[in-house]
Each structure stands twice: as structure tokens, then as C-alpha cells.
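Examination of the molecular architecture
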Amino acid sequence: MPILVTGGAGYIGSHTVRALEKQGREVIVVDNLSKGHRSAVKNSPLYVGDLGDRAFLEDLFKKYKIDAVIHFAALSLVGESVQHPDAYFKNNVGHALTLLDVMCENNVNKIVFSSTAAVYGEPEIVPIPEDHPKDPTSPYGESKLFVEKILNRYDQAYGIKYCSLRYFNAAGADPKGDIGEDHSPETHLIPIVLQTLLGKRDSVKIFGTDYPTPDGTCIRDYIHVNDLSDAHILAVDALERGSESKIYNLGNGKGFSVREVIETIEKVTGKMVPAEESERRPGDPAVLVASSQKIIDELGWKPQYPSLDDIIETAWNWHKQFPNGFPD
């Protein structure tokens, strides 16, 4: 029976669709293409529509006997969410409710939810465990935490089992080089640096050099997008085996500073990165590093790309082939 992947034309979604296809799974992709790309979906059927359109979803669930849902579709820019919280709550929370209601109507009781480390807010403990206090500093993080709470209630009331995966910094691209990271606007450090090397930007800004870290710049946990996709499949498999609802962190468990990332990119590409120092951005914690021991112990997840060099090499391969991103 097919798996429905919402937001499957997006960055992490398209890599997860490919991983499912490699396993021989039937995949149905839904995306409104506001952030995703039609050409990122190579083989599975893509239905262009909005999760807020209940009739669209109902028709899809009637057409296919869907076994489980992997839910990526969401707005995800922290700064934008502060400026437009209404859009984030309507889209991320409201549309998730519509999806869950249609799932209930069609007796689909398994969902893997794309969550975020932003649910934690300013970390009190590093590496961050799943039971760390949740205090999001942005509407984006709040919207994801709201959905996690909704999932818990739907499990209690309707028996929908869920696996919520809280990502840290997704990075890299499929080694084949034909799908990768293409956001507009781009806010992630690694693609911004690589775009600069390709002449798409004048320089890279280092926001804050006086943090309490070894080199004064922020430290983040980078995880390869294919390692994320592997975790989604493990989560689906666990739910299909009858697992209870779970929440897991996804990260490499090791942090790299902004300067370390830039230095590694210079080493991998053989090019010097033009960088300029700037003031701190409000709300940027000094260190965000995950503890992923729970999913390692319970589902046997093991990152295949623990090296920052390897992560950057796959990203560079994609950006060199597609310096302007996807054609559509």
C-alpha cells in the first residue's frame, strides 16, 4: 500500500521519496510547489495541491488505499514566522489538522511528522535530549510544538500513532547530484557559502564573533539529508510493526562553528571564501547540538555521513551541477 508524502517536492521530502522508491515502496507525493520543485520528484506521481483544501485531500485518500503518511509540508523560516505568525499557525497547524481529520475518516492511523529542534528554544543542556524543556522562541517552533501536542491528543482519542522527528541542521545532497538544496530565499549556511563561491553572492556574513565558543562563532549540528531520509523510513517501519508513538532527535551529535564550516568548505572546494563579520542576530543560541542516542538505541539508526567533509562534498557536487537550482 502506498505512503503519502506531503511536501515531497521539497528538500528533505524529495530525498525521502527517493529513499522509499529505492526500497520498492509505492509513493504518492503531494506538494503545492510554493517551496518545492516539480523536477525534484523523478518517478512517483506528484499531485499539486494544498493541504488546506479538504476536498483535494479527500479525493486523494479515496483514490489510493494509503497505508501511512510522512508529513513534511510546512512553512519553515524562523524570521518570517516572527513577522507573519498568522501564516505559520494557519499553514503549519491548521493544515495539519485538516490532514489528520481526513486520515481519521479514512482509517489511516500512522504518521511520521517533520518536527524541529526549534521546539527547544534556548538550550539548557547540550547535547539536547528529547526530554529537554520546550520553550520555542519563534512562531515557527511553536507551530511545530503545537502539532506535536495535537498528535498526542489524536493518538489518545483516535489511535493515530505518530513518530515526530526533531531535526537539527539538514545539509548535503544525494550523491547522484541531481537533487539537492534549493530554497528561495536561502537561509542555510552551507548553501549560502557555496553560492558565494559560484558567484551568486558577493560574500558570506558571519553573524556574531563574540559567542562563548572556542572561536567566538555559533556552533551547530549538521546532519546529511540522506541520513534524515533513512530515519523517516525507520520510523515508518516501526509504526507498521505496531510501535507506540515516539519522539526522536536527529543530529550527528557533534557541533561545528561557523568558522569551522567555512574552513571545511575551503578545504573541500579548494577555494577561498570571502567572508565579513557582522553583529549577532537576535535569538541565535551559541550552541545547538543534538543527542540522537534514543533513535540509535531504539531504531538502530546510524548516520552514514558523519563527516562534515562528506556532507559538504555532496552539497558542492549538487551546486556545481545546478548553480541556479532546479529548473522549475
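Please refer to the structure placed before this passage.
Residues numbered from 1 in each chain as written. Predicted model: local features only at pLDDT ≥ 70, side-chain atom pairs only at ≥ 80, totals over all residues. Heavy atoms only, no water.

A tally of regular secondary structure across the protein gives ten helices and 13 strands. The C-alpha atoms of the protein give a radius of gyration of 19 Å, which matches the 20 Å a tight globule of 328 residues would have. The C-alpha extent of the protein, read off along each of the three principal axes, is 55 × 40 × 40 Å. The 328 residues of the protein split such that 55% are buried. Here the protein has roughly 14100 Å² of accessible surface; of this, 48% comes from carbon and sulfur atoms. Across the protein, the 34 positively charged side chains and the 47 negatively charged ones have centroids separated by 3 Å. (Helix = DSSP H or I, 4+ residues; strand = E, 2+ residues; numbered from the N terminus. Rg over C-alpha atoms; globule rule 2.2 N^0.38 Å. Buried < 20%, exposed > 50% of the residue type's maximum accessible area, 1.4 Å probe, protein only. Areas by Shrake-Rupley, 256 points an atom, 1.4 Å probe, with all protein chains shown as cover. Lys, Arg positive; Asp, Glu negative; His and termini not counted. Charge placed at Lys NZ, Arg CZ, Asp CG, Glu CD.)

This part is about the sheet that holds strand E6 (residues 161-167). Pairing in this open sheet of seven strands is parallel, and the strands run E3-E2-E1-E4-E5-E6-E10 from one edge to the other. The open sheet is flanked by strand E3 (46-48) and strand E10 (246-250), the only strands paired with a single partner. Between one strand axis and the next, the sheet turns by 20° as a mean value, whatever way the strands run. In this sheet, E6 lies alongside strand E5 (residues 110-116) in parallel orientation, the contact comprising seven bridges. Residue Phe113 lies in a different strand from E6, and its bridge partner there is Ser164. Sitting on the sheet, helix H2 (residues 54-63) touches strand E1 (3-6), strand E2 (27-31), E3 and strand E4 (68-71), and the angle it makes with E3 is about 155°. With respect to the sheet, helix H7 (residues 225-240) is in contact with E1, E4, E5, E6 and E10, its orientation differing from that of E6 by roughly 165°. (Pairing = 2+ DSSP bridges. Axes fitted to C-alpha atoms, helices over the stretch in contact; angles between N-to-C directions. Contact = heavy atoms within 4.5 Å.)

Within the fold, Asn226 resides in helix H7. Apart from the residues within four sequence positions on either side, Asn226 is in contact with His15, Asp174, Pro175 and Tyr305.

What follows covers the environment of Ser143. Within the element layout of this structure, Ser143 appears in helix H5 (residues 139-158). Considering only alpha carbons, one finds Ser143 and Ile70, 73 residues apart in sequence, at a separation of 17 Å.

This paragraph deals with the side chain of Thr269. Along the polypeptide, Thr269 turns up in helix H8 (residues 258-269). A polar side-chain atom of Thr269 sits 3.2 Å from the main-chain amide nitrogen of Lys271. Sequence-distant contacts of Thr269, that is, excluding residues within four places in its chain, are made with Leu194, Leu197 and Trp316. (Polar contact = N/O pair within 3.5 Å; in protein donor to acceptor, adjacent residues only side chain to side chain.)

Attention now goes to the pairing of E6. Of all seven residues in E6, six are buried; the element is thus mostly enclosed. Handedness of the crossover joining E5 and E6 through H5 is recorded here as right-handed. As paired strands, E6 and E10 are joined by five bridges and run parallel to one another. From the neighbouring strand, Leu165 faces E10, where its bridge partner is Tyr248. (Right-handed = clockwise from strand over helix to strand, strands pointing away.)

Once that is clear, we can look at unusual backbone geometry. For the peptide bond that leads from Val126 to Pro127, omega is -5°, which places it in the cis range. Mapped onto the elements, Pro127 comes out in the loop between E5 and H5. Omega for the bond connecting Ser184 with Pro185 falls within 30 degrees of zero, at 0°, which places this linkage in the cis form. Relative to the elements of secondary structure, Pro185 occurs in the loop between strand E7 (169-171) and helix H6 (189-197). The backbone phi angle of Leu33 is positive, close to 60°, even though this residue is not glycine. Structurally, the position occupied by Leu33 is in the loop between E2 and E3. A positive phi angle is found at Asn107, which is not glycine, with a value near 55°. Structurally, the position occupied by Asn107 is in the loop between helix H4 (85-105) and E5. Assessed through its relative accessible area of 70%, Asn107 is described here as exposed.

All right, on to the packing of helix H1 (residues 11-22) against H7 then. Geometrically, a packed helix pair is captured by the angle between its two axes and the distance between the axes. Taken N-terminus to C-terminus, the directions of H1 and H7 make an angle of 60°; their axes are 8 Å apart at the nearest point. Here H7 runs oblique to H1, going by the angle between their axes. Read as a crossing pair, H1 and H7 show a hand that is right-handed. The segment H1 lies against H7, with Tyr11, Ile12, His15, Thr16, Ala19 and Leu20 engaging Val225, Asn226, Leu228, Ser229, His232 and Ile233. Its residues placed into classes, the contact of H1 with H7 shows seven nonpolar, five polar and no charged. (Parallel < 35°, antiparallel > 145°, perpendicular 65-115°, else oblique. Left-handed = near helix turned anticlockwise from the far one by under 90°. Nonpolar A, V, L, I, M, F, W, Y, C, P; charged D, E, K, R; others polar.)

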